[in-house]
Each structure stands twice: as structure tokens, then as C-alpha cells.
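Spelled out, the chains give:
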Amino acid sequence: MQLKAATATVNTRALQNNLQQIKQIAPNSKVLAVVKANGYGHGLLQVAEQLDAANAFGVARIEEALTLRAGGIVKPILLLEGFYCAADLAMAVTNNIHTVVHNIEQLQVLEQSELDMPAQVWMKIDTGMNRLGVRAEDVSEFVARLEACPNVAKPLRFISHFCCADELDNDFTVKQIACFDEVTRDLDGERSLAASAGILSWPDSHYQWVRPGIVLYGVSPIPDSAESLGLQPVMTLSASLIAIKEVKQGESVGYGAQWTAERDTRIAVVAIGYGDGYPRMAPNGTPVLVNGRKVHTVGRVSMDMLTVDLGPDATDKVGDTAILWGEGLPAEEVAEHIGTIAYELVTKLTSRVVMQYV
């Protein structure tokens, strides 16, 4: 018997397959592969090293960009939230890191800084999400100041972000595309609007650059299954069964006696819990894959363990492997049972989980 700790197995071939699928869907666009949040939990540098066919990388923080540079990544890197202070801007320029500029404060820092060379700027336009970006009515003035600024390389690039692209019957996305077209029509510079859902569902939004995130990792952000889209799961999260218990009808399992057996059955204890990043709020009935069949969680998820109902006739044994999501059990399906999204599942794994690349 050999037990194993919670392990996230990352399939690099699946990652490369998913990038190729994206390139086929948007054949006329360059690809900015989004690897923020530790490569969506898959490993920042490890993911970037496998995506040599991408044209550039997107991150959220300067620290992520510098980690990529220190690891030998030489392709363009874009700070999707832009720089946070003048020191970050200088560091970005020195390391050939592009930056989004989305507010007047960043513009003022650009105008007032002394830089070794001009910054590569992607101006963010708010087309309706009302999170980051310059409002449509202010774009002309903002562009004029950026173009007049000697610290800004020319031409500019322009970027925006959808808020409802995963809702295929929501016409707000059409309005965002129209807004982006309107305010950028007479501007000189490449454009980017589509992230994962936009790539899959809104071809009019592909422009010169697409920005795949979650689709790279084999997760579908739209109702169509990842498999039907030609995507393959990149992460498979697994852990060993470390105990099997006979539980009688009427007996309860776990903290708070939250679940009570309605029949005699066998319960397996799986060596993973919220200390590893598996959601504590996962309700009874959340699917887990054991020896090729779906079983379901019972009782509360604890810090280091969770329990599943194997059924009264189960022949599973200690040392067998449980798959929490991944190959054979899409993260989207697990997330739906829990009431969250697959993005959160894969990005919340803790450092206790063993990362394995195959």
C-alpha cells in the first residue's frame, strides 16, 4: 500500500492542445495567454514554458511578470491591471513589460516620470463593465494626452473586457462590441476585446489580439462542454483513500453530524480538505471519481480530509485514488454542485498540494 498526498497533475500536452484549439477558432488573431494567479493554479512559470506558441503573456501583478522574466521568458508580458506606482512603471519599462493604462492617475504618472525608454501602453476602454477603463466619452482626450507623452511608445494598443460574454442570449455583449468599434474606429493601433468566452462565442470580437485564460486550462466558460469544444482538462486533482469505514443506517459522519446514513454503507476517507484548497462549502452530493465511477461527498469537508459514500457493495480499498476534478470529472461539474465557478477551484489550491507535471 502506498498512499499519496493531494496531488495536482498538470498535463502539458493538454495545455498545448488547448492553445492550438484557440488558434484555430481565432486564426487571424495573435494570442496573449493569460497566466495570472499562478497560471490559474497550474504553475506560473511551468505553464508559460509550455506555451511557446503564444505571442505574449498576461499577468495581473508586476511580481508575476518579474517571475516570468527571471525564469527566462522573453516574450512580451502585459500587466492587465497596469502599474500600481511610479517604481512599478520604471521596473516594467526596464524589463520590457507592457502595461495597461486605465485611469487618470496612471496617465499622470506616465506624464511626470523620467524613463529610460518609452512604455508599451495598452489603453483600457470601459465599454460597459464599469470596473476598469476610460469611459467612452473621455477616450479622445485620453488618447491625445497619451500620444503627446514622450514616455509612451507609438502606436498605442486598445483593450476592453466583456462582462456577460458567457451569457449567449445577452445582447449586452453586442452593445459592448459596438461601443468598442465606435470609439476605436479612427484610432491607429491594435485592439483586444475577447477573453475566453468571447473567443468561443463572439467571433466579431476577435480583432488583432485574443486573451485566452480559463480555456487554456481545459475549462469551458460557456454552457458548451469543454470536451465538445475540443478542450482537454489540464489539471487532475487527486488524493488517496486513507480509510474505509462501515457505517450503519442511522449513524452520522463528520463534524456536526451533518449527514446521516439512510442505509448500511461503506464510507471512504479521502486525504484532502480545505487546507489543500478543496472548498469547505462543498455540500453533500458533490461528485468524486473513484475507480472510474462517480461517488458523492457526505458530511462536512474538514481541513485535511473529506468523506465519500462508496455504497454498501463497494470493493474499493485503502490506497485507491480519488479524483476530485480533472480527467473524467470536469471541474465545471464539480463547481456547479458547490455553487461556485471552476476558476475558483483551480486557483485556490494551497502550497500543500503536490504539483506534478507530465
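Since we're looking at a predicted model, the values are computed, not measured. (Residues numbered from 1 in each chain as written. Predicted model: local features only at pLDDT ≥ 70, side-chain atom pairs only at ≥ 80, totals over all residues. Heavy atoms only, no water.)

Asker: I'd like a rundown of empty space enclosed by the protein, residues and numbers included.
Answerer: Over the atoms a probe the size of a water molecule is rolled, and this reveals where empty space is left. Counted according to the given criterion, the structure contains 1 cavity of 30 Å³ or more. The computed volume of the largest cavity comes to approximately 50 Å³. Lining the largest cavity, in full, are Lys124, Ile125, Asp126, Thr127, Met129, Arg131, Leu132, Ser160 and His161. Classifying every residue of the lining of the largest cavity gives 3 nonpolar, 3 polar and 3 charged. (1 Å grid on protein atoms, 1.4 Å probe; cavity = no way out; pocket = protein on both sides within 12 Å on 5 of 7 lines; lining within 4 Å. Points joined across faces, edges and corners; volume = space filled by probe spheres on them. Nonpolar A, V, L, I, M, F, W, Y, C, P; charged D, E, K, R; others polar.)

Asker: Lay out the environment of Leu89 in plain terms, naming residues and giving numbers.
Answerer: Mapped onto the fold, Leu89 is located in helix α5 (residues 86-94). Put simply, Leu89 and Thr173 are 84 residues apart on the chain and 32 Å apart in space, counted from C-alpha to C-alpha. Those residues in contact with Leu89 that lie beyond four places of it in its chain are Phe83, Val109, Leu110, Ser113, Leu115 and Ala119. (Helix = DSSP H or I, 4+ residues; strand = E, 2+ residues; numbered from the N terminus. Contact = heavy atoms within 4.5 Å.)

Asker: Please give an account of the nonpolar core that cites residues and values.
Answerer: Formed by 111 residues in total, the largest nonpolar core has its most connected members in Leu51, Tyr278 and Trp325. In contact with Trp325, not counting residues within four places along its chain, are Met235, Thr236, Leu237, Tyr278, Ala331, Val334, Leu345, Val346 and Leu349. Listed in part, the 6 residues of the second largest apolar core include Val247, Val253, Trp259 and Ala261. (Core = buried A, V, L, I, M, F, W, Y, C linked by side-chain atoms within 4.5 Å. Buried < 20%, exposed > 50% of the residue type's maximum accessible area, 1.4 Å probe, protein only.)

Asker: If you had to explain the environment of Ile125 to someone new, which residues and values would you point to?
Answerer: Examined against the element boundaries, Ile125 turns out to sit in strand β6 (residues 121-126). In sequence terms Ile125 and Arg135 are 10 residues apart; their C-alpha atoms lie 6.2 Å from each other. Discounting chain neighbours no more than four positions away, the residues touching Ile125 are Gly133, Val134, Val139, Phe158, Ile159, Ser160, Phe180, Val183 and Thr184.

Asker: An account of the packing of aromatic side chains is needed here, citing residue identities and associated values.
Answerer: Describing an aromatic ring pair means giving the distance of the ring centres and the angle of the ring planes. In total, this model carries 5 aromatic pairs according to the counting rule given. Where Tyr40 meets Tyr217, the ring centres are 4.9 Å apart and the plane angle is 20°; that geometry is what we call stacked. Of this pair, Tyr40 sits in helix α2 (residues 36-40) while Tyr217 sits in the loop between β10 (209-210) and β11 (235-247), and the two are 177 residues apart along the sequence. As far as the burial class goes, Tyr40 and Tyr217 line up, both buried. Centroid distance Tyr278 to Trp325: 6.2 Å. Interplanar angle 15°. Geometry classified as stacked. Taken together, the residues span a long stretch of sequence, with Tyr278 in the loop between β14 (265-270) and β15 (287-290) and Trp325 in strand β18 (residues 321-325) at a distance of 47 residues. Each of the two residues, Tyr278 as well as Trp325, counts as buried. An aromatic cluster of three or more residues is present, and its members are Tyr40, Tyr217 and Tyr343. (Phe/Tyr/Trp six-rings, centres within 6.5 Å; stacked < 30°, edge-to-face > 60°.)

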